[in-house]
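# Observations on the three-dimensional arrangement
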Amino acid sequence: MEDLRLRGFNTSSTTSTPPLHTLRHARRTTLNHVFIAVYTCAILAHLYHHAHKLIRSTILASFFINLSLFISDIILAVIWVMQQCFRVAIVYRSEFPENLEKVVKKLDFPALDVFICTADPYKEPPIRLVSTALSVMAYDYPTEKISVYVSDDGGSQLTLFACMEAAKFASHWLPFCRKMNIIDRSPEAYFASKHSWSSDAEKIKIMYERMKVRVENVLELGKVSEEYITDESERSALSKWTDEFTHQDHSTIIKVLLESSKIKDITDHLMPNLIYLSREKSKTSPHHFKAGALNVLLRVSAAMTNAPIILTLDCDTYSNDPQTPLRALCYLSDPKLQSKLGYVQFPQMFHGINKNDTYGSEYKRSFQTNPMGMDGLLGPNYAGTGCYFNRRVFFGGPSTFISPEITEISPYNVVNKPIQSQQIMDLAHKVAGCNYENNTKWGFEMGFKYGSLVEDFYTGFRQKCDGWRSIFCNPKRPAFLGDAPISLIDGLSQCQRWAIGAIQVEFSKYSPITFGTRSMGLIMGLTYTYYILLPNWLIPYIIYAFLPPLALLNEVSTFPKLSEPWFFLYVFLFLGAYGSDLLEFIVEGGTVQRWWNDQRMWMIRVLSSFLFASLEYFLKCLGISTYGFSLTNKVVDDEQSKRYDQGVFDFEVPSPMFVPITMAAIINLVSFFMGLMQVLKGSNSEGLYLQLSMAGFVVVNSMPIYEAIVLRRDKGRMPVKITTISTCLALALYVLASQVLFI
């Protein structure tokens, strides 16, 4: 890239240089195209049948039922078409980091700034942050070129203390990793694995456990007491937490914990830079959630080190492969890609997920299969973590550079002063101020973009619209591993936040439906449109979850009879959609049981997270509600963990989000047995087979709900008040439908 070349990163190559990466297209691409053509014809025939039936409706109730199903199927058809855009150009990539030094001298490797974000030590345990920071500090990369910035948006002295402990432990951990050449550079992951320990490993493990106890003791106390402070430097840094200090109102805190030019480890090797940052907060200034924190990191890092490559990580997402930056460099150092390559995205993957992924927390489509399809177009979207950026990507398009308000934070600026010099520290504090962005282009034309709770999705989308492309790097060994929610309510709340963000993008002036398709082209624009339209699944799911079973209870047929040809079209559409999805899931390493749990959770999310996200967005438009950036809880109690390991649904925390899914489960269960009785009687039941099958499908998917209502007595059972409310609402809905629609 232009800035890499300008700043001394020699990327010259000749025709004889060994390859750094290769690309191949998926073998199933042609079969995908054929299936898309056949299935599209089936959809058109299905919609024709719907329209014909609608025109012939003579009764108002019948017209309403047919119109509802018609609208539902149009929405499903549109979303299906967009989903196929991920399957038209699937590609697989391979990297050869062992060839990198044959192309680029190690001394010429670009500097790397790592951004790690955290916001609440009680929801995001500091010891996870410590392991994440240590895992990237120990990369197989010149340590003097690595700078790790920890953004503490909660402004907690507990987080700063954990970072101080990490800095001290790093002087022992990094030499140990080099000496033993271990792959697991996260100490938490390494010591949790079943290794045969050497005497050196035993010593370092004891050291780590002592540090872990200190961090957890401080967390339990809620403050850093005098016994844990070891020198005046620590005391001075921690003294900023006065009685007037709150996480919503405080001045900027920047603490350089390790300075590469001054600090060496126990083997006399240079250490990476480690900087703690808590930006200025004021109750009267907007902070823009995580996007605002990342923009402060962009400016502060530009003032202090200004590395041309930036890695963004969540605090719980540790590096699982020490060669990850070298893999990213295989693309970032390729002259053929440099002019327009904005970032290299690694898949977001998780550790600790149970065998069958009960809550569908892997999100295989969003984080693994769909990005491969986007990679064959203009590249994957930014996933919020595990992404190596070219710093230049945050300052306009490849050919339209947007200069920041001061040259000291330009991506082309070279920092030639020590990071703790007074001039550098003054500038860093200035650009971290809560009012610094006033009357600037930050968050709108520069940096991470404001305007959506899903700042990662929105930022990546806007960068594609500016003309950048990206690469999906998916090595066999996961590059990063993070924590996934292991309680149902946490997973649904996380999905609700994502859905609100998608709706915000949908109705923004930069909507992928209009702006995106014009800027990126139709197919690439439709891949982004697919994501922002996901909350619209709510309409067909609500209709299909309630209308056919209510009709079945009233012995009203809404679908073709078994003897009609259209019956088999419905069967083909259902089996074709689910069958192709299952095949794609298994081809990319999934299992049938994981796929089943994934599609079941999809139904649950639509009827809960998407419903409440839509309600919250609507209330916000009316000025009744405000959005909040809710963190996903990463603290787990023993009972909750035990239920998750057993694959048992956890309904311990009562939530209104459980009501609609329980209503659907109750109505479909009753309608299934009533319909089954009608079929067994054989009286005018030919037209009820499809409704009975659909109700049965919902019933099978709802087994964990029935179990939680009837069979379980543990804390994770369905709360009685949720069951009572759901039953009453289901009964009321049945009475209303019987009196209005099925008279």
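Sequence order as written defines the numbering, with residues in each chain counted from 1. The model is predicted, so local features are restricted to residues of pLDDT at least 70 and side-chain atom pairs to those at 80 or more, both for listing and for counting; the totals for chains, interfaces and linings are taken over all residues. Side-chain measures were taken over the full set of non-hydrogen atoms in the model, leaving aside hydrogen atoms and water.

An unreviewed UniProt entry annotates the protein as Cellulose synthase-like protein G3 originating from Lithocarpus litseifolius. UniProt positions are given in the numbering used here, feature names are shortened, and annotations may be inferred rather than shown by experiment. According to the UniProt record, the Subcellular location (unreviewed entry) comment for the protein reads "Endomembrane system".

### Topic: the nonpolar core
By convention a nonpolar core is built from buried Ala, Val, Leu, Ile, Met, Phe, Trp, Tyr and Cys residues, the set being connected through side-chain atoms within 4.5 Å. Throughout this description, buried means an accessible area under 20% of the type-specific maximum (1.4 Å probe, protein chains only), exposed means over 50%, and partly exposed covers the range between. Counting 124 residues, the largest nonpolar core has Val 300, Met 304, Phe 389 and Phe 658 as the members making the most contacts within it. The biggest single contributor to this core is helix 19 (residues 538–553), with 10 residues. Those residues in contact with Phe 389 that lie beyond four places of it in its chain are Pro 308, Ile 309, Ile 310, Thr 312, Gly 342, Tyr 343, Tyr 382, Phe 394, Phe 448 and Gln 463. Grouped together as the second largest cluster of nonpolar side chains are 76 residues, Leu 100, Val 148, Ala 201 and Leu 274 included. Secondary structure is summarised from DSSP: a helix means a run of H or I of at least four residues, a strand means a run of E of at least two, and numbering begins at the N terminus for each. Residue contacts are defined here by distance: any two heavy atoms, one from each residue, within 4.5 Å place the two residues in contact.

### Here we look at the environment of Ser 563
Along the chain, the position of Ser 563 falls in the loop between helix 19 and helix 20 (565–587). Looking at Ser 563, the relative accessible area reads 56%, which means it is exposed. Taking the C-alpha atoms as reference, Ser 563 lies 7.8 Å from Glu 686; in sequence the two are 123 residues apart.

### Comments concerning the side chain of Ser 260
One can find Ser 260 in the loop between strand 5 (253–258) and strand 6 (273–278). Here Ser 260 is in contact with Glu 144, Leu 270, Met 271, Pro 272 and Asn 273, once residues within four sequence places are set aside.

### Some details on helix 13 (residues 364–375)
Multiplying one less than the number of residues by 1.5 Å gives the expected span of a helix. Here helix 13 is 12 residues long and its end C-alpha atoms lie 16 Å apart, about the 16 Å a rise of 1.5 Å per residue gives. In terms of burial, helix 13 is a largely internal element, 10 of the 12 residues being buried. Turning to helix 13, its buried residues are Lys 364, Phe 367, Gln 368, Thr 369, Asn 370, Pro 371, Met 372, Gly 373, Met 374 and Asp 375. Against strand 2 (91–95), strand 10 (350–351), strand 14 (469–472), helix 16 (488–506), helix 18 (522–532) and helix 20 lie the buried residues of helix 13.

### Brief notes about the sheet that holds strand 15 (residues 480–483)
By the convention used here, strands pair only if DSSP detects at least 2 bridges between them. Strand order in the open sheet made by the three strands is 8-15-10, with mixed pairing throughout. The two strands at the open ends of the sheet, each matched to only one other strand, are strand 8 (318–319) and strand 10. Note that strand 10 and strand 15 share two bridges and pair parallel. Counterpart to Phe 350 in the pairing with strand 15 is Gly 482.

### What to know about unusual backbone geometry
For Asp 268, which is not glycine, the phi dihedral falls at a positive 70 degrees. Mapped onto the fold, Asp 268 is located in the loop between strand 5 and strand 6. For His 288, which is not glycine, the phi torsion reads 60 degrees and is therefore positive. Checked against the element boundaries, His 288 lands in the loop between strand 6 and helix 10 (289–304). On the basis of relative accessibility, which here comes to 30%, the residue His 288 falls in the partly exposed class.

### Structural notes on the UniProt feature "binding site: Mn(2+)" (unreviewed entry) in the protein
According to UniProt, the positions carrying the feature "binding site: Mn(2+)" (unreviewed entry) are Lys 290 and Asp 314. The named residues occupy 25 residues along the chain; their greatest pairwise C-alpha distance, 10.4 Å, places them in one compact cluster. Looking at the element boundaries, Lys 290 is found in helix 10. With respect to the secondary-structure elements, Asp 314 resides in strand 7 (residues 309–314). Taking the relative accessible area as the measure of exposure, Asp 314 reaches 19% and is therefore buried. Leaving out residues up to four positions away in the same chain, Asp 314 has contacts with Ile 116, Cys 117, Thr 132, Lys 290, Gln 348, Gly 384 and Thr 385.

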